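Coordinate inspection notes
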Amino acid sequence: MMIKINISSNVIGEPILAESMIKTRTALNISQAHFDSTYGEIIAEVETDDFKAIRKALESKGAKVTVLDYPIVRDEEECVECGACISVCPAHVFSFDDDWGIAQNTEKCIQCGTCIKMCPHRALSLEK
Amino acid sequence: MVEKSIEEINRRIKEGNVNVVTAEEMVGILGELGAKEAAKEVDVVTTGTFGAMCSSGVWLNFGHPEPPMKMNKVFLNGVEAYSGVAAVDAFIGAGQLSETEGFDYGGAHVIEDLIRGKSIDLHATSYGTDCYPRKTLDTTLNIYDLNQAIMINPRNGYQKYNVATNGINRTIYTYMGSLLPNYGNVTYSGAGVLSPLSNDPDYQTIGVGTPIFLGGTKGHIIGEGTQHSPETNFGTLMLRGDLKDMSADYIRAANFHEYGTSLYVGMGIPIPILNEQLAQSTAVTDKDVVTNVLDYGVPSRDRPVLRKVNYEELRTGSIEINGRDTPTSSMSSFKKSREIAGELKKWVAAGEFFVNSPSQRLPAKATCKPMRQTTRNPLVQDIMAKDVVVIDENATFHEAAKMIMENTFSHLPVVSEDGKLAGIVTAWDISKAVAETGCNYVKDIMTKKVLTSNATDPIDIAARNLDMKDVSAMPVIDNDGYVIGIITSNDISKLFARRR
């Protein structure tokens, strides 16, 4: 499953991520990370069985953990299957199927919203 | 030599024994039979395309109100339509944005809403005349209330399109979609193998009066389109069709983020196979249609060409840019293009759609000229301050403070030992240095990532950069990185104030 970890400025200098991984012996497969002096945001994949433990460890050190369980939604009425979304998605959610229609693997979605701005037909959204 | 006549082909359409194939199918047929046999065998090849065509719009006639009015300004759901013609005619263009909703709603949406039979608010104003006394009008109407709703698209069906990518370090939003920084993606448009004009590049059969598929109904080509440039293989078409018969399956409004609205138009042209040459040209493949990849990061009419590319490569999902595999996105729908070529094929096969000879050929010799500009674009060098004061990065912040006080600039470019630009300090940076400990030298407090400008940049580009990055000044540097001036948003405001 995909999770988002937010680290606020008061604990940004501490090795929260490494400590939590070592403590729980859990591997986080990080797909995106952003850090600066004010905040940190990490998008990572974690085995479902390990999720509870890593969340507990991260939260005990001051991080906020959100499950990314509302992936991108494609409105098939609005979508004209052009494929504009394909090249901007950092997680490779979209691809062409054999008939040049849009295939999607929303399990990979990291809810970044980049494709929403790209779609000329406003067919993509993150609303539940 | 195989020679067939339009009459012969139309007779077969009428009798129901016409052999009609799509341009995609024609590739295989030609490969199998060769041009001569394919020309004998196939009567009509259908093409199709479905993509953003901003240069589209609809002429509307509203009927006369009582008391009558010569509409001077017309708004449809808040989108202005051009009405500088007779009393109750107006042209709604796809790219016109709503006065109130901006990027979210435009002429394209009005057109789609009309096709869907939705009610549209009409607001019009006028100055009033003896024959047309009325001055304002508000009403709500739909497409069935109109006398005419005729789609007239000044430029559709480009033979092919340039491919877009972006070399600068921020995402840019264009009519070719979002272009990620540092050549992060590539976007393209056009139907390649199915592209109407690429299947008859010499305009042997495509011309004035050619019947076409337009928006789900029968339309016509009324001539070459604006910017028609056959000599560079960028031919275009001007099209006409009755909006009242069109379907929202084939005409769709679009929003390009931070760019504006556009209209996705579905269009297809049947090409009668009169001879071997046409059999050959309709067997054009994705590989045969070659175009240029341009760097849209360069805000100029003349964008640098990074490489040539064909549609087969684009369709693989990635192409190489500067040695890296770069993902591609199509902005037009190939699936829909296929659907259109298929639909047109059905119409011809069912005896519902006939071909004809153009009543006039399209110009084969023409290129698209750039604009003649009679006033020179002001450049950064025209208004930048040349007597710029710089400070060494090893100076103390006290020295910087003194320099700012003694001069009129609030921005102080910082140079390294070799005299090249290393950063910038402002009065704000200095107050920060005073407030915090451990920052004694200019190099400790300066902003290192400096937005710069070139002396020969047009002012409009510099102004947009200042605006986008929300800074108020940029050092102007030469090609070697030496500071030769500074340009501030103040200088630009003064220039524009003078112009008015």
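What follows covers the interface of chain B and chain A. In many reports, interface size means the accessible area that the parts give up when they come together. Taken residue by residue, the interface counts 30 residues in chain B and 21 residues in chain A. For the chain B and chain A pair, buried surface summed over both sides reaches about 2,000 Å², with 53% attributable to carbon and sulfur atoms. Its largest share of buried area at the contact with chain A, chain B owes to R252, N255 and K335 of chain B, together 26% of the area lost on that side. On the surface where chain B and chain A come into contact, there are two salt bridges. Measuring nitrogen to oxygen at the nearest pair gives 3.0 Å for the salt bridge that ties D104 of chain B to R122 of chain A. Taken together, the connections running from chain B to chain A amount to 14 residue pairs in polar contact (both at pLDDT 80 or more). Put simply, the parts of the chain that give the side of chain B that touches chain A at least two residues each are β9 (102–106), β15 (177–179), β16 (186–188), β21 (251–256), β27 (324–330) and α7 (334–349) of chain B.

All names here are of chain B. For T210, the position within the fold is in the loop between β17 (207–208) and β18 (211–214). In terms of polar contacts, T210 uses its side chain to reach the backbone carbonyl oxygen of T205, at 3.3 Å. Setting aside anything within four residues of it in sequence, one finds T210 in contact with T205, G219, H220, I221, I269, N356 and P358.

This next bit is on the domain arrangement of chain A. Residue and element names in this part refer to chain A. Assigned domains of chain A: these are domain 1 (2–67) and domain 2 (70–128). Relative placement of domain 1 and domain 2: their C-alpha centres are 27 Å apart. Facing the four residues of domain 1 at the interface are five residues of domain 2. The largest per-residue losses of area from domain 1 upon contact with domain 2 belong to M2, Q32 and I43, which jointly make up 84% of the total buried on that side. Linking domain 1 with domain 2 are zero salt bridges, by the criterion used here. Here domain 1 and domain 2 share zero residue pairs in polar contact (both at pLDDT 80 or more) between them. For the side of domain 1 that touches domain 2, the class distribution of residues is two nonpolar, two polar and no charged.

Attention now goes to the packing of helix α9 (residues 397–406) of chain B against helix α10 (residues 427–435) of chain B. Residue and element names in this part refer to chain B. Between α9 and α10, the shortest axis-to-axis distance is 10 Å and the interhelical angle comes to 145°. In this structure, α9 crosses over α10, and the sense of that crossing is left-handed. Across from F397, A400, A401 and I404 in α9, the residues of α10 making contact are A427, I430, A433 and V434. Each residue belonging to the contact of α9 with α10 can be placed in one class, and the counts come to eight nonpolar, no polar and no charged.

Counted according to the given criterion, the structure contains 13 aromatic pairs over all chains. Members of the aromatic cluster, connected to one another through ring pairs, are Y175, F256, Y259 and Y296 of chain B. One Lys or Arg, K218 of chain B, reaches over the ring of F353 of chain B and ends 5.7 Å from the middle of that ring. The side chain of R315 of chain B reaches across the aromatic face of W100 of chain A, ending 5.4 Å from its centre.

Turning to the sheet that holds strand β31 (residues 421–426) of chain B, a few remarks are in order. Taken in spatial order, the three strands of this open sheet run β29-β30-β31 (chain B), and their pairing is mixed. Each edge of the sheet is formed by a strand with only one pairing partner; in this case those strands are β29 (391–392) and β31 of chain B.

In this section: the nonpolar core. By size, the foremost hydrophobic cluster in this structure holds 114 residues, and its most contacted members are F94 of chain A together with F62, L76 and L243 of chain B. Excluding its chain neighbours within four sequence positions, the residues that come into contact with F62 of chain B are M71, V74, L76, V88, A90, L122, L141, D145, L146 and N147 of chain B. Ranked by size, the runner-up nonpolar core spans 24 residues in total, among them V415, V425, C439 and M446 of chain B.

On average, residues of chain A score 90 in pLDDT, and 99% of them reach the 70 mark or higher. Across chain A, element-level confidence peaks in strand β6 (residues 94–96) of chain A with a mean pLDDT of 97 and bottoms out in strand β2 (residues 29–35) of chain A with 84.

The periodicity of an α-helix, 3.6 residues per turn, causes residues three or four positions apart to be oriented the same way. Residue and element names in this part refer to chain B. Among all positions in helix α12 (residues 459–469), only I459, A462 and L466 are buried. Down the axis of α12, the sector holding all buried residues measures 65°, keeping them to one side. Exposed and oriented more than 90 degrees from the buried face of α12 are R464 and D467. Downstream of α12 by a residue or two, D470 has a phi angle that is positive, lying close to 55°.

Taken domain by domain, chain B comprises domain 1 (6–53 + 152–361), domain 2 (63–146) and domain 3 (380–499). Each of domain 2 of chain B and domain 3 of chain B has a C-alpha centre, and these two points are 50 Å apart.

Residues and elements named next belong to chain B. Alternating positions in β18 separate into two faces, P211 and F213 on one and I212 and L214 on the other, with burial throughout. Judged from the four bridges that link them, β18 and strand β19 (residues 217–224) form a sheet pairing that is antiparallel. Paired with F213 across the strands is K218, a residue of β19. Counting the residues between successive antiparallel strands, the hairpin from β18 to β19 contains two residues, one of them, G215, with a positive phi of roughly 60°. The pairing of β18 with strand β22 (residues 260–268) spans two bridges and is classified as antiparallel. Across the sheet, the residue bridging to L214 is M267, located in β22.

Each value, and the rule that gives it
- Residues numbered from 1 in each chain as written.
- Chains lettered and ligands numbered in written order.
- Predicted model: local features only at pLDDT ≥ 70, side-chain atom pairs only at ≥ 80, totals over all residues.
- Heavy atoms only, no water.
- Contact = heavy atoms within 4.5 Å.
- Buried area = accessible area lost by both parts, 1.4 Å probe.
- Salt bridge = Lys/Arg side-chain N within 4 Å of Asp/Glu carboxyl O.
- Polar contact = N/O pair within 3.5 Å; in protein donor to acceptor, adjacent residues only side chain to side chain.
- Helix = DSSP H or I, 4+ residues; strand = E, 2+ residues; numbered from the N terminus.
- Domains from an automatic or database assignment.
- Nonpolar A, V, L, I, M, F, W, Y, C, P; charged D, E, K, R; others polar.
- Axes fitted to C-alpha atoms, helices over the stretch in contact; angles between N-to-C directions.
- Left-handed = near helix turned anticlockwise from the far one by under 90°.
- Phe/Tyr/Trp six-rings, centres within 6.5 Å; stacked < 30°, edge-to-face > 60°.
- Lys NZ or Arg CZ within 6 Å of the ring centre and 35° of its normal.
- Pairing = 2+ DSSP bridges.
- Core = buried A, V, L, I, M, F, W, Y, C linked by side-chain atoms within 4.5 Å.
- Buried < 20%, exposed > 50% of the residue type's maximum accessible area, 1.4 Å probe, protein only.
- pLDDT = per-residue confidence, 0-100.
- Arc of directions from axis to C-beta.

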